[in-house]
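One-letter residues, chain by chain:
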Amino acid sequence: MTEYALEVTGLRKTYRDFALHDVSFRLPRGYIMGLIGPNGAGKTTIIKLIMNLLRRQGGEVKVFGLDNRLDEAAAKSRIGFVYDVPCFYEDINLEDHRRAIAPFYTRWNEDQFQGLVREFDLPLRKKFKALSQGMQTKFALALALSHDADLLILDEPTSGLDPVFRRELLRRLSALMQDERKSVLFSTHITTDLERIADYITFIRDGEIVFSASKDELLENWGVVKGDDSVVAAVEPSVRKGVRRGPYGVQVLTSNVNNARERLGAGAIIDKASLEDIMVLMSGDRRHAA
Amino acid sequence: MLRNIVRKELILNRKALAGAAIPYIAWFAYVLREPDVTAGEYLVMSAAMAVFYQVALFVREGKLKTAALTCSLPVTRTVVVRARYLVACSLSASWIGAAILLALACPWSHVPLARLVAPNTLGVAVSIVLLGTAILFPLVVRFGLIGVLAFLVGMQVLGILAFLAVGLPGATASVNAVLSFVTGSIRALHANLGHPGFAAMWTFVVLAIVAGSYGLSVCLYGRRDL
């Protein structure tokens, strides 16, 4: 039986100008899931609901089978969390933050933390506000990686990082997966990061899950058909996921490249879809998609 | 976990606490110069200041937007609120203790120690701290700094209305009656706290109000989106 690190079922949250509708997805233990979607799609809202920082209006969130509200402390003790916006005390130094936070975790590993401090070159005596955005993220990562968390939830962790450290972080996350016990939920705009490391991709748009599927399945079956206006009609509507018209022709995103090849013939230009293609074409002009 | 939250609040706010204590201490040292200030007045002022002193600690969380840090730790919001009441009461007790020590230490103080540590004087001070905390905490927990400001503005508005009402024909007596009631109540409380029966009943009432405030704060904090 598959063990799930995270099970989100029918999650709902309504604001005056935005609503999350029945969001459901599951992350099996030992895998990395990328949460992608345009700005304002609801990625951070989902993550905050998982962390119980927002009050849900419906649905259920389970972390290793533990309800995130009923078993809040137990569930959170197994989560390492990196915030999209730093929420540390800006006038307090990093060492004091560590002293305040470490006792909450029974599996806190001081050697691991000190190793990460050296590796990330973190100045423990400096106030949090004196750090650059990248260093602030590194500090949050060092804390999240130092208590042997079984589930890492990272909200846009790579956005403030330089490419060298971004790659290092991805390598570290991949290495973390080696023991097959850890899981990661990773929200990002940088889809190339996910192509490197993610096992599952969940795409959210306007507060709704568009798909939640294995990355390999997506990259294998999804494609971009290029041509003139005639290709729009040639791609079967049930597998036509997005259309974009540009100065050099039309791009049609399909969730079934084989079907498109059969219908368009051998001469058709069909490229494999990258995650960026999928995100851009599905977030683009949806009037043409249906 | 309660201990960890208390520890966290003290570590991450200790500089702010120390920074805020300096002007308070300077002000009280100045107050002690006044020959007309009685022990009761001095301790009541200390208690009122103590309420705002510890409330300021939790207002900081809203200002620095650090609530998400606290609530992402493996602890329930109920424990967070419980820890805050505990920290608030401990800080207030320390503050009253510091005020007494200050009165002892200042060579220019006119306030006699025996009057300061009289059980009924201390009882009034502790009552003010607990009732002030009980009133302000739900506002702080739900609205942060805005809640405290709304309370202060509300009190200012009441003061202005009272000031304006004094000028109206026939209203002076009413305003004076309200003010007399407040000061008379504090005096009556001070006098009656010497009786064990009244002291026990009063303790029960104050604790019931604090318990109600705590329940309300838990409910409000649990419903708050961060």
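Now for a description of the structure that goes with this document. In this text the structure is predicted, and so the values were computed from the model without any measurement. (Residues numbered from 1 in each chain as written. Chains lettered and ligands numbered in written order. Predicted model: local features only at pLDDT ≥ 70, side-chain atom pairs only at ≥ 80, totals over all residues. Heavy atoms only, no water.)

The next thing to look at is the packing of aromatic side chains. Aromatic rings considered in pairs are described by the distance between their centres and by the relative angle of their planes. Counting across every chain of the model gives 20 aromatic pairs over all chains. Taken together, a centroid distance of 5.8 Å and an interplanar angle of 85° make the contact between Tyr83 of chain A and Phe88 of chain A edge-to-face. Both residues of the pair, Tyr83 of chain A and Phe88 of chain A, belong to the buried class. Between the aromatic rings of Tyr85 of chain B and Tyr214 of chain B, the centroid separation amounts to 5.7 Å while the plane-to-plane angle is 90°, which identifies the pairing as edge-to-face. Taken as a pair, Tyr85 of chain B in helix α4 (residues 77-105) and Tyr214 of chain B in helix α9 (residues 196-222) lie far apart in primary sequence, 129 residues in all. Given the relative accessible area of 7%, Tyr85 of chain B is considered buried. Pairwise contacts between aromatic rings join Tyr24, Trp27, Phe28, Tyr42, Tyr53 and Trp95 of chain B into one cluster. (Phe/Tyr/Trp six-rings, centres within 6.5 Å; stacked < 30°, edge-to-face > 60°. Buried < 20%, exposed > 50% of the residue type's maximum accessible area, 1.4 Å probe, protein only. Helix = DSSP H or I, 4+ residues; strand = E, 2+ residues; numbered from the N terminus.)

With that out of the way, let us pick up the nonpolar core. Residues Leu6 and Leu185 of chain A together with Tyr42 of chain B are the most contacted members of the largest nonpolar core, which totals 154 residues. Among the elements that take part in this core, α4 of chain B stands out by supplying 14 residues, more than any other. Setting aside chain neighbours within four positions, we find Leu6 of chain A in contact with Phe25, Arg26, Leu27, Ile50, Val61, Lys62, Val63, Leu151 and Leu185 of chain A. Val231, Val239, Val257 and Ala260 of chain A belong to the second-largest nonpolar core, a separate cluster that totals 11 residues. (Core = buried A, V, L, I, M, F, W, Y, C linked by side-chain atoms within 4.5 Å. Contact = heavy atoms within 4.5 Å.)

Attention now goes to the sheet that holds strand β10 (residues 208-214) of chain A. Residues and elements named next belong to chain A. Taken together, 6 strands build an open sheet; the order of strands is β6-β7-β8-β3-β9-β10 and the sheet is mixed. Two strands bound the open sheet, and with one partner strand each, they are β6 (79-82) and β10. On average, each strand axis in the sheet is tilted by 15° relative to the strand beside it, whichever way the strands run. Where strand β3 (residues 32-36) meets strand β9 (residues 200-205), 4 bridges bridge the pair, whose relative direction is parallel. Bridge assignment links Gly34 to a residue of β9, and that residue is Ile201. (Pairing = 2+ DSSP bridges. Axes fitted to C-alpha atoms, helices over the stretch in contact; angles between N-to-C directions.)

Let us look at a nonpolar patch on the surface. Taken together, the side chains of Val153, Met155, Val157, Leu158, Ile160, Leu161, Phe163 and Leu164 of chain B make up a nonpolar region of the molecular surface, amounting to roughly 820 Å² of accessible area. Tracing the backbone through its elements, the reader meets Leu158 of chain B in helix α7 (residues 145-166). (Patch = residues over 30% accessible without salt bridge, like charges linked within 9 Å, V, L, I, M, F, W, Y side chains within 5 Å. Areas by Shrake-Rupley, 256 points an atom, 1.4 Å probe, with all protein chains shown as cover. Salt bridge = Lys/Arg side-chain N within 4 Å of Asp/Glu carboxyl O.)

Glancing now at the packing of helix α4 (residues 110-120) of chain A against helix α5 (residues 133-144) of chain A. Residues and elements named next belong to chain A. Axis separation between α4 and α5 bottoms out at 9 Å; the angle between their running directions is 160°. Put simply, α4 runs roughly antiparallel to α5. The element α4 and its partner α5 pack so that their crossing is right-handed. When α4 is examined against α5, the residues Phe113, Leu116 and Phe120 are found in contact with a partner set consisting of Met135, Lys138, Phe139, Leu141, Ala142 and Leu143. (Parallel < 35°, antiparallel > 145°, perpendicular 65-115°, else oblique. Left-handed = near helix turned anticlockwise from the far one by under 90°.)

The subject of this paragraph is the pattern of salt bridges. Residue and element names in this part refer to chain A. With the rule as written, the count across this model stands at 25 salt bridges over all chains. Between Arg181 and Asp150 there is a salt bridge whose closest N-O contact spans 3.1 Å. Within this pair, whereas Arg181 is found in the loop between α6 (163-176) and β8 (183-187), its partner Asp150 is found in the loop between α5 and β7 (151-155), the two being separated by 31 residues in sequence. Residue Arg181 is classed as partly exposed on the basis of its relative accessible area, which comes to 31%. Using a relative accessible area of 2% as the deciding quantity, one classes Asp150 as buried. With a shortest N-O distance of 2.7 Å, Glu168 and Arg171 are connected by a salt bridge. Placement of both Glu168 and Arg171 in helix α6 is noted, with a separation of 3 residues, approximately one turn of the helix. Glu168 gets classed as partly exposed once you look at its relative accessible area, which sits at 22%. Linked through salt bridges whose partners overlap, the residues forming this network are Arg78, Arg107, Asp148, Asp150, Arg181 and Lys182.

That is the geometry; function is a separate question.
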